[in-house]
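Chain and residue survey
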Amino acid sequence: MIPISADEAALATDLQFALDRGELSLAFQPKVEIASGRLTGVEALSRWSHPLHGAVEPDLFVPLAERYGLIDQLTDWLVRTGLKQWGAWKDQGLKTNLAFNVSALSLRDIYFPDYLHRLCLVEGVPPACLTIEVTEGATQHMVRLLDTLTRFRLKGMSLSLDDFGTGYSSLLQLRQLPYCELKIDRCFVREAATSRESRLIVKAVIDLAHGLGLSATAEGVEDEETLGLLAGLGCDNAQGFFIARPMQGAELAPWLIEADAARKVIPISAAAAGRS
Ligand code: C2E
Ligand code: CA
Ligand code: CA
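Residues numbered from 1 in each chain as written. Chains lettered and ligands numbered in written order. Predicted model: local features only at pLDDT ≥ 70, side-chain atom pairs only at ≥ 80, totals over all residues. Heavy atoms only, no water.

**Some points on the pairing of strand β6 (residues 158-164)**
Across the seven residues of β6, five count as buried, placing the element largely inside the fold. Where strand β5 (residues 130-135) meets β6, five bridges bridge the pair, whose relative direction is parallel. By the bridge assignment for β6, T131 is matched with S158. (Buried < 20%, exposed > 50% of the residue type's maximum accessible area, 1.4 Å probe, protein only. Helix = DSSP H or I, 4+ residues; strand = E, 2+ residues; numbered from the N terminus. Pairing = 2+ DSSP bridges.)

Next up, the structure:
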């Protein structure tokens, strides 16, 4: 783990090299439909293994990339690597939705959706199999954001509003931008089973999503009790350590076989609801 005091500029230089040296990799976290337990997609999460400091958290290096002008390079690496992995899964007979976290700064480029669409054609990935996750912090340039996000939708990709409830102008964004999915931030999900207030917020967000015709996904589901509660509240999808931790691309197919076998015995929501 990297010390907080590590020199930021030096780390940014390391990150620049890391992109070329193959020190970055992707982990993938499954997302499942709560009612059936079926896989609905995976989220790509960047990992950096620093030669001296070891694992550097994306919460540290993504903002660093944003501050030091490296974010477009990181986004480019992310989508290229993710699309290649999608191809590898397809060769194994696995066709699933792949979600990318795209920084608000990269979304300022209105040509990015066309670029990603061209990459999809080159790699043989149907654009409908991609989701772009946008965090609420991306509100600053609403008009341009609307332009970029509409272009993703026109190319057939889905849009997800990430970390819902933690940023600014969430409701304004929801009304004006063409999202398909709303992800309930894990700070609310984590406490849903123990705090009445968090539970009420989670319920209100699920109802809001459905009222607007969006699907609701809870992130950070860490136990069976929470999953059962979400099932009872009508939440569509769930993601979290209880379902699966982020894994290497090659681990997804074996995980699915195991999860499928477990589901045949007892569906995930019934298992969770039965014990809550
Ligand atoms: P996020 O988009 O909200 O991603 C979910 C984060 O929650 C991931 O952390 C994941 O490992 C973690 N997580 C998943 N399930 C659970 C759970 O049950 N409990 C807990 N405590 N945590 C859980 P990670 O991988 O450290 O990523 C942190 C953030 O960094 C992400 O939050 C995302 O905003 C950002 N990020 C990661 N990769 C990229 C990237 O390639 N590009 C951009 N722009 N941002 C990225
Ligand atoms: Ca995300
Ligand atoms: Ca999130």
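**Remarks on the coordination of the calcium ion (ligand 3)**
Protein coordination at the calcium ion (ligand 3) comes from D162 (OD), D163 (OD), E219 (OE) and E219 (OE), with a distance range of 2.2 to 2.5 Å. Along the chain, the residues donating to the calcium ion (ligand 3) fall in the pattern D-D-x55-E. In this model, the calcium ion (ligand 3) sits 3.9 Å from the calcium ion (ligand 2), the two metals being bridged by D162. Residue D163 is found in strand β6, and its partner E219 is found in the loop between β8 (215-218) and α9 (224-232); the two are separated by 56 residues along the sequence. By relative accessible area, D163 is classed as partly exposed at 22%. (Donors = N, O, S within 2.8 Å, 3.2 Å for Na, K, Ca; no water.)

**A short note on the coordination of the calcium ion (ligand 2)**
Distances from the calcium ion (ligand 2) to its protein donors, namely E43 (OE), N101 (OD1), E133 (OE) and D162 (OD), fall within the range 2.2 to 2.3 Å. Of note, the donors binding the calcium ion (ligand 2) are all from one chain and are spaced E-x57-N-x31-E-x28-D. Residue D162 is classed as buried on the basis of its relative accessible area of 4%.

**A look at the site of ligand 1**
Contacts to ligand 1 come from 22 residues, most closely from S46, R47, R186, E222 and F241. Here E43 contributes a side-chain N or O atom positioned 3.1 Å from an oxygen atom of ligand 1. Here an oxygen atom of ligand 1 sits 3.3 Å away from a polar atom, N or O, in the side chain of D163. Protein chains bury 87% of the 800 Å² of accessible surface belonging to ligand 1 in isolation. When residues of the shell around ligand 1 are traced back to their parent elements, those giving at least two are β2 (39-50), α2 (58-67) and β6. Broken down by element, the shell around ligand 1 gets its largest block of residues, four residues, from β2. Looking at the shell around ligand 1, its residues break down into seven nonpolar, six polar and nine charged. (Near = heavy atom within 4 Å. Polar contact = N/O pair within 3.5 Å; in protein donor to acceptor, adjacent residues only side chain to side chain. Areas by Shrake-Rupley, 256 points an atom, 1.4 Å probe, with all protein chains shown as cover. Nonpolar A, V, L, I, M, F, W, Y, C, P; charged D, E, K, R; others polar.)

**Focus on helix α8 (residues 196-211)**
Relative to the 22 Å expected for 16 residues at 1.5 Å per residue, α8 spans 22 Å between its end C-alpha atoms, a close match to the ideal helical length. If you follow the buried residues of α8, they end up packed against β6, β7 (181-184), α7 (186-190), β8 and α9. Positive phi shows up at G213, right after α8, with a value of about 80°. (Expected span 1.5 Å × (residues − 1). Contact = heavy atoms within 4.5 Å.)

**Concerning helix α5 (residues 142-154)**
Think of an α-helix as turning once every 3.6 residues; residues three or four places apart then point the same way. Given a rise of 1.5 Å per residue, 13 residues ought to cover 18 Å, and the 18 Å separating the end C-alpha atoms of α5 matches this to within 8%. Where α5 is concerned, the buried positions are M142, L145, T148, L149 and F152. Angularly, the buried residues of α5 cover 125° about the axis, an arc narrow enough to put them on a single face. Of the exposed residues in α5, those oriented more than 90 degrees away from the buried face are V143 and L154. Each element contacted by the buried residues of α5 is listed here: α4 (112-123), β5, β6 and α6 (170-176). (Arc of directions from axis to C-beta.)

**Points about the environment of F242**
Looking at the secondary structure, you find F242 in the loop between β9 (237-238) and α10 (252-265). Of the residues examined, F242 reaches a relative accessible area of 34% and is grouped as partly exposed. Spatially, the C-alpha atoms of F242 and E224 are 7.0 Å apart, while their sequence positions differ by 18 residues. When neighbours within four sequence positions are excluded, F242 is seen to be in contact with V221, E222, D223, E224 and L227.

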